[in-house]
Structure formats: structure tokens, C-alpha cells
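Analysis of the macromolecular model
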Amino acid sequence: MKKNLVIFGAPGSGKGTYSAEIAKRYGMAHISTGDVLREEMKKGTELGKTARGYIDEGRLIPDELMIDILANVYDGMADSTGVIFDGFPRTTRQAEALERMLAERGDVLGIVVELHVDEATLMERLLKRAEIEGRADDNEATIRRRFEVYHAQTEPVAAWFEDKGMRRVLTWKGAKEQMLADIYAEIEAAGVATPL
Ligand code: ATP
Ligand code: MG
């Protein structure tokens, strides 16, 4: 039985950065749906071409497609003791699909770590990242659209997790090490994983 967790938050909230640290500390696997899609785009696959149209506009890939992709990647991680979901679920339908997928496999979702960062800081980080990584969706207009999509489609998922008693909200206080310590404390208190 895998014990999994979701890392949840707005674009630029640090999901990918913290996921890498969590994966190292606990020996967990990490699925970043954004990375999976960007890899497909780089390889020029059909899926990549479809994804590019949505990503470059700051919109979400359709649920049907995203749910299939997620299940495929998850099933490729059969040996891991637990998986960090980064960038999934982003809609209530995806959250329901995740619940169903895990139940069918006898696996569980331990907690959802929700990162709260003020929007000015998010924008600043994403614009800085644009200079370093050159992601096509890291420009000011597309970032604004991604924030809108986050508020409209993704934020409601937080309430869904709240109802399930899984939601743990952590607020950015200006230091990455502090945030990481808070995240580790939640993971260990919930018994999701123990350090290697
Ligand atoms: P960051 O990685 O800085 O937190 P982000 O959350 O906007 O920013 P990614 O998670 O890499 O970035 O996602 C990039 C894009 O990929 C999204 O804007 C969306 O178009 C698409 N995408 C990723 N995950 C999903 C998903 N679960 N459902 C639909 N679309 C997705
Ligand atoms: Mg990311």
C-alpha cells in the first residue's frame, strides 16, 4: 500500500522545489504533471502538441486526458513506497479521479500540503524564473491567466480536501528552510512517511 501526498498551491508557490526535497528526505517518488507535459512537448509527441496549445495560453489540459496520463505515470511507479503529486489535482473532477484511482489500487492519500504565498511574491518568482528557464508560459500576461485559472478552477479543490480532513495550510514567511521544516512536520505528524 502506497502512502501518497499532494502538494498544492498557486503557480510559483514552490511545489516543484519542495517536492524535490521531500522526495530526497523520504525516498518518495515525484510526479509533476507540468514536467510530464513539458517532456512530451520536447519530444514532439501527439500528446505534447495537444498540451502545448493549452499550456501556452495558461489554460488547463482537459480533465479526461490529464486523468489518463496521471494513471499511466502512477502505474509506472509501482515499486515506490509513496508518491508526491505536484500539479495534480487541479480541478474537483481530477480530485475525484485521484480518489478513485487510489482506492482501486488499495493505496491512500495521507495529506494535502497547501502552500500560501502572496501574489506579488508569486509574480516576482515567476518572472525571475522566466529569465532562467525561458518557459513560454512564464510571461506576465500568461501568468495572470494562470492565476485566474487557479482561482476559478483549482482553489475550489481546497475545500474538497478540507471536507476530507486532509488539508494542511502552510503560509510563506520569507524563508525556504522554514517552509520545508513546516512541511516535514506535517508529513511526519500525519504518518505519511519517515525520514530515510
Ligand atoms: P509552478 O510549477 O511554478 O508551481 P504551475 O503550477 O503553473 O507553476 P506546472 O504545474 O508546471 O506549472 O503546469 C504548467 C501547465 O501545465 C499548467 O498551466 C497547465 O496548462 C498544465 N497542467 C499541469 N498540470 C495539469 C493538470 N493537473 N491539469 C490540467 N493541466 C495541467
Ligand atoms: Mg512546477
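Residues numbered from 1 in each chain as written. Chains lettered and ligands numbered in written order. Predicted model: local features only at pLDDT ≥ 70, side-chain atom pairs only at ≥ 80, totals over all residues. Heavy atoms only, no water.

Considerations on the side chain of Asp-107
To keep things clear, this is the line we draw: Secondary structure is summarised from DSSP: a helix means a run of H or I of at least four residues, a strand means a run of E of at least two, and numbering begins at the N terminus for each. Burial here depends on accessible area, computed with a 1.4 Å probe over protein chains only, as a share of the maximum for the residue type. Under 20% is buried, over 50% is exposed, and the range in between is partly exposed. Charge assignment: positive for Lys and Arg, negative for Asp and Glu; neither His nor the chain ends contribute. Salt bridge, as used here: a side-chain nitrogen of Lys or Arg that lies within 4 Å of a carboxyl oxygen of Asp or Glu.
Note that Asp-107 resides in the loop between α5 (92-105) and β4 (108-116). With no salt bridge to any partner, buried Asp-107 finds its closest opposite charge in Lys-2, at an N-O distance of 5.0 Å.

Notes on the pairing of strand β1 (residues 3-9)
Two faces, one strand: in a regular strand the side chains alternate between the faces of the sheet. Definition in use: When DSSP finds at least two bridges between two strands, those strands are taken to pair.
The element β1 is extensively covered by neighbouring structure, given that six of its seven residues are classed as buried. Pairing geometry for β1 and β4, over seven bridges, is parallel. By the bridge assignment, Phe-8 is partnered in β4 with Glu-114. Of the strand pairs in this sheet, β1 and strand β3 (residues 83-86) are connected by three bridges, and their pairing is parallel. Residue pairing in the sheet places Leu-5 in a bridge with Ile-84 of β3.

Some remarks on unusual backbone geometry
For residues besides glycine, phi is generally negative; the peptide bonds are generally trans as well. Along the chain, Phe-88 connects to Pro-89 via a cis peptide bond; the corresponding omega equals 0°. Its place among the elements puts Pro-89 in the loop between β3 and α5.

Notes on helix α4 (residues 63-75)
Operational definition: Working rule for helices: expected span equals 1.5 Å times residues minus one. In what follows, residue pairs with any heavy atoms lying within 4.5 Å of each other are defined as contacts.
Here α4 contains 13 residues, and its C-alpha end-to-end distance of 18 Å stays within 8% of the 18 Å for a straight helix at 1.5 Å per residue. If you check which residues of α4 are buried, you get Asp-63, Met-66, Ile-69, Leu-70, Ala-71 and Tyr-74. Among the structural elements, β1, β2 (29-32), α2 (33-43), α3 (46-55), β3 and α5 are those in contact with the buried residues of α4.

A look at the nonpolar core
For the record, the criterion: For this analysis, a nonpolar core means a set of buried residues of the types Ala, Val, Leu, Ile, Met, Phe, Trp, Tyr and Cys, connected via side-chain atoms within 4.5 Å.
The biggest cluster of nonpolar side chains holds 36 residues, and the ones touching the most others in it are Phe-85, Leu-98, Met-101, Leu-109 and Phe-161. The biggest single contributor to this core is helix α7 (residues 140-163), with seven residues. Residues within four places of Phe-85 in sequence aside, it is in contact with Asn-4, Leu-5, Val-6, Ile-7, Ile-31, Leu-70, Tyr-74, Leu-98, Met-101 and Leu-102. Membership of the second largest hydrophobic core comes to 19 residues, among which are Leu-5, Ile-84, Leu-180 and Val-192.

Re the site of ligand 1
Put simply, the rule is: One heavy atom suffices: a residue is near a molecule or strand as soon as one of its heavy atoms comes within 4 Å of it. We define a polar contact as two N or O atoms separated by no more than 3.5 Å, with the added condition that, inside protein, one atom must be a possible hydrogen donor and the other a possible acceptor, whereas residues neighbouring each other in sequence contribute only through side-chain atom pairs. Surface accessibility in these figures is a Shrake-Rupley result with a 1.4 Å probe; residues are shielded only by whichever protein chains are displayed.
Residues in contact with ligand 1 amount to 22 residues; listed here are only the nearest, Lys-15, Thr-33, Arg-59, Arg-90 and Arg-129. Within the side chain of Lys-15, an N or O atom sits 2.6 Å from an oxygen atom of ligand 1. For ligand 1, the protein covers 96% of the area, taking 610 Å² as the surface of the free molecule. Secondary-structure elements contributing two or more residues to the shell around ligand 1 are α2 and α6 (119-133). Considering each element in turn, the shell around ligand 1 owes the most residues, four residues, to α2.

Some words on the sheet that holds β1
What counts, and what does not: Axis definition: a line fitted to C-alpha atoms, limited for helices to the stretch in contact. Angles are taken between N-to-C directions and run from 0 to 180 degrees.
Strand order across the open sheet formed by five strands is β2-β3-β1-β4-β5, with parallel pairing between neighbours. Taken across any chain shown, the strands that pair with only one partner, and hence form the sheet edges, are β2 and β5 (167-171). In this sheet, neighbouring strand axes are inclined to one another by 20° on average, regardless of whether the strands run parallel or antiparallel. As judged from the four bridges shared by β2 and β3, these two strands associate in the parallel manner. Looking at the pairing, Ala-29 lines up with Val-83 of β3. The strands touched by helix α1 (residues 15-26) are β1, β2, β3 and β4; relative to β1, the strand with the most contacts, the crossing angle is about 155°. Each of β1, β4 and β5 is contacted by helix α8 (residues 176-189), which is oriented at about 165° to β5, the strand it contacts most.

Thoughts on the pattern of salt bridges
Taken as a whole and judged by the stated rule, the model has 23 salt bridges. A salt bridge links Glu-186 to Arg-168, with the shortest nitrogen-to-oxygen separation between them at 3.5 Å. Within this pair, whereas Glu-186 is found in helix α8, its partner Arg-168 is found in strand β5, the two being separated by 18 residues in sequence. Because the salt bridges share partners, they merge into one network encompassing Arg-129, Arg-135, Asp-137, Asp-138 and Arg-146.

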